[in-house]
Amino acid sequence: MTVTPADIDVRRITDEELPLWIRTARTGFLRPPTVTDADLAARRTAHIGSRTYGAFDAGSCVATFRSFPQELTAVGGAPVPADAISNVAVLPTHRRRGILTRLMNEDLTAAKERGDVVATLIAAEYRIYGRYGFGPATSAAEWTIDVPRTGLDPHRPGPEDGGRIDFVSLEEVRKAGPELHERVRRAQPGAVSRTDVWWEQDTGALRVYGEWSEAFYVAYRSADGEVQGLVSYKVDDHWGDAKQPLNTATVEWLIATTPAAERALWRFLCSIDWVVRVKSGARSPDDLLPGFLPDPRAASITTQADWLWVRILDVAAALEARTYGGSGTLVLEVKDRTGFAGGRFLLEAGPDGASCTPTGRGADLTLDVAELASLWLGDESAPRLAALGRLGEERAGAALEADALLRTPRRPWCPDMF
């Protein structure tokens, strides 16, 4: 019997349906589909406050979708309420039937009604989310450091500013980490909030994805004892045929409130006995890391790609939430096929903020809501989008004016996967 889209039931799941939902999500992400009692208990805790959706065909769960409250840092440091989307999976047996479109529309409609300014996600595949109004808003790069080539003095691995490096326990991470992260993300456009559940998962107090192995956690403390940086890393066990250590330290995450703390943590990682390579994890493409090394060529980019995707739900609120590098006025014609955020808006911006209101004036720029998302955090270039045919310049010079207003001196960055 042929199954039509009308036969698929899209809705929030019940608690009794969670085991089936987990099995479907794992199948969609090519993970073993077994669901244990421990998995179920951990998921129930992790999903508190979430909106968990499923699509059902004759009682079987064939797609999963979850969203949860989040804050995203805008340019200038203002926290913006966001609808964070995760666990999106449609079984191979039910693709191309409009299921994801129905799930996305239901969630975004609810987010718009709640007053969320944007929606966010980390896209596993590039070509899926543009049709829902999402645009790539930050990028990430991973460096691999060839430790022997760095030029660092192995006899002087410690901080040179009076600070110190210490290993810290899981309990100390759960205590110091949230406050440190709050300071970091308030100053970093593109960063997102971390919940208590995030810290419990990272430190093994809550195990949602099965097997967990403890990382090494190291803190940098300034001369007055303040924790200004934390790093989580793991090390493999690889030795050459001649009994030479060839180990790689892989950074799970590294956050710091000062360049001095960053420098100290990277230099520490490059000083660990038996470690000949350090993989940086996902960093900003303009990260300071290579410049901390006497030979920056010792750090080579091994991965660089889009990272955080943003979908603007309220154009005026989004543009008023951020600050700007100069002063100017633009009229933006924003296209949105779903109707969530389209319209013509007058942006009057300055270093201290902006006003954005609907207007009947002629447009200076015409662009899709997805392209506006790419410009909003300051990473994309309006003239570049115009050259690609993804932005219409209705008034000569308007793209350059937009670039002067919207671009940021440092690139936005999201340290998290969710």
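The following refers to the structure shown. (Residues numbered from 1 in each chain as written. Predicted model: local features only at pLDDT ≥ 70, side-chain atom pairs only at ≥ 80, totals over all residues. Heavy atoms only, no water.)

Quick notes on the overall build of the protein
What counts here: Helical segments are the DSSP runs of H or I of at least four residues, strand segments are the runs of E of at least two, and each set is numbered from the N terminus. Our radius of gyration is a C-alpha quantity, and the globule rule it is checked against amounts to 2.2 Å times the number of residues to the power 0.38. The rule is simple: take the accessible area with a 1.4 Å probe, protein chains only, and divide by the maximum for that residue type; under 20% is buried, over 50% is exposed, in between is partly exposed. Should any heavy atoms of two residues lie within 4.5 Å, those residues are considered in contact. For every accessible area listed, the method is Shrake-Rupley and the probe measures 1.4 Å; residues are considered covered only by the protein chains on display. In this charge count, Lys and Arg are treated as positive and Asp and Glu as negative; neither His nor the chain ends contribute. To locate a charge, take NZ of a lysine, CZ of an arginine, CG of an aspartate or CD of a glutamate.
When helices and strands are tallied, the protein shows 10 helices and 19 strands. Compactness check: the protein gives a C-alpha radius of gyration of 23 Å against a globular reference of 22 Å for 418 residues, within 12% of the reference. Seen through its principal axes, the protein has C-alpha atoms that stretch 65 × 55 × 40 Å. Residues classed as buried in the protein amount to 51% of the 418 residues present. For the protein, contacts bridging at least 24 residues in sequence account for 71% of all contacts bridging at least 6. Entry remark: accessible area of the protein is about 19,200 Å², with carbon and sulfur atoms responsible for 51%. Positive and negative side-chain charges in the protein, numbering 48 and 58 respectively, have mean positions lying 3 Å apart.

Considering the packing of aromatic side chains
Our working definition: Working definition: a ring pair exists when centres of Phe, Tyr or Trp rings (six-membered ring for Trp) sit within 6.5 Å. Plane angles under 30 degrees give stacked, over 60 give edge-to-face, the rest tilted. Each ring is checked for a lysine NZ or an arginine CZ that lies within 6 Å of its centre and within 35 degrees of its normal; such an atom marks a charge sitting over the ring.
Following the criterion strictly, the structure yields 13 aromatic pairs and no others. Each ring, one from Phe-167 and one from Phe-216, has its centre 6.4 Å from the other, and the planes form 70°; the classification is edge-to-face. Of this pair, Phe-167 sits in strand 8 (residues 164–167) while Phe-216 sits in strand 9 (residues 216–221), and the two are 49 residues apart along the sequence. Of the residues examined, Phe-167 reaches a relative accessible area of 52% and is grouped as exposed. One aromatic cluster is present, built from ring pairs that chain together Phe-167, Phe-216, Tyr-233 and Phe-268. One residue, Arg-11, lies across the ring of Phe-56, its end atom 4.2 Å from the ring centre. The residue whose ring lies beneath Arg-194 is Trp-198, and the NZ or CZ to ring-centre distance is 3.8 Å.

Brief notes about helix 3 (residues 99–114)
Each α-helix turn comprises 3.6 residues. Residues three or four places apart therefore point the same way. Let me state the cut-off plainly: A helix's residues, less one, multiplied by 1.5 Å, set its expected span. Arc definition: it is the arc formed by the directions from the helix axis to the C-beta atoms.
Between its first and last C-alpha atoms helix 3 spans 23 Å; for 16 residues at 1.5 Å apiece the expected length is 22 Å, and the two agree. Along helix 3, the residues classified as buried are Ile-99, Leu-100, Leu-103, Met-104, Asp-107, Leu-108, Ala-110 and Ala-111. Angular distribution of buried residues about the axis of helix 3 spans 160°; they occupy a single face of the element. Taken together, the buried residues of helix 3 touch strand 1 (8–12), strand 2 (51–57), strand 3 (60–73), strand 4 (79–90), strand 5 (118–122) and strand 14 (308–312). One or two residues past the end of helix 3 sits Gly-115, with phi positive at roughly 100°.

Quick notes on the sheet that holds strand 13 (residues 299–306)
Where we set the bar: For two strands to count as paired, DSSP must find a minimum of two bridges between them. Helix axes are fitted to C-alpha atoms over the stretch in contact, other axes to C-alpha atoms as well, and angles between N-to-C directions run from 0 to 180 degrees.
Across the sheet, which stays open at both edges, the 7 strands sit in the order 8-9-10-11-12-7-13 with mixed pairing between neighbours. The sheet is open, and its two borders are formed by strand 8 and strand 13, each paired with just one other strand. Between one strand axis and the next, the sheet turns by 25° as a mean value, whatever way the strands run. Taken together, the 7 bridges between strand 10 (residues 227–235) and strand 11 (residues 247–256) define a ladder with antiparallel strand orientation. Each bridged residue has a counterpart across the sheet, and for Ser-232 the counterpart in strand 11 is Trp-253. Along the sheet, helix 4 (residues 170–186) contacts strand 9, strand 10 and strand 11; its crossing angle with strand 10, the most-contacted strand, is approximately 120°. On top of the sheet, helix 6 (residues 259–269) reaches strand 7 (139–146), strand 8, strand 9, strand 10, strand 11 and strand 12 (275–279); it is set at about 170° to strand 11, its chief contact.

Describing the nonpolar core
As a reminder, the rule being used: Remark: nonpolar core denotes a set of buried residues (Ala, Val, Leu, Ile, Met, Phe, Trp, Tyr, Cys) joined through side-chain atoms within 4.5 Å.
Ranked by size, the top nonpolar core spans 74 residues in total, and within it Phe-134, Val-310, Ile-312 and Trp-376 carry the most contacts. Setting aside residues no more than four positions away along its own chain, Trp-376 makes contact with Leu-72, Ala-74, Val-75, Val-80, Val-118, Val-310, Ile-312, Ala-318, Leu-319 and Arg-322. Membership of the second largest hydrophobic core comes to 28 residues, among which are Ala-141, Val-218, Val-251 and Phe-268.

As for helix 2 (residues 37–46)
Within helix 2, burial applies to Asp-39, Leu-40, Ala-42, Arg-43 and Ala-46. One side of helix 2 carries all its buried residues, which in axial view fall inside an arc of 165°. Opposite its buried face, helix 2 presents the exposed residues Asp-37 and Ala-38, each directed more than 90 degrees away. Tucked into the core, helix 2 has its buried residues touching helix 1 (18–28), strand 3, strand 4 and helix 5 (196–202).

Some thoughts on the pattern of salt bridges
The test is simple: Definition used for salt bridges: Asp or Glu carboxyl oxygen within 4 Å of a side-chain nitrogen of Lys or Arg.
Following the criterion strictly, the structure yields 31 salt bridges and no others. Between Arg-221 and Asp-166 there is a salt bridge; the shortest N-O distance is 3.0 Å. Of this pair, Arg-221 sits in strand 9 while Asp-166 sits in strand 8, and the two are 55 residues apart along the sequence. Relative accessible area serves as the criterion here: at 16%, Asp-166 is assigned to the buried category. Between Glu-371 and Arg-390 there is a salt bridge, and its shortest N-O distance comes to 3.1 Å. Of the two residues, Glu-371 sits in helix 8 (residues 369–376) while Arg-390 sits in the loop between helix 9 (382–387) and strand 19 (391–393), which places them 19 residues apart along the sequence. Three or more residues are tied together by salt bridges with common partners; here these are Arg-51, Asp-83, Arg-114 and Asp-116.

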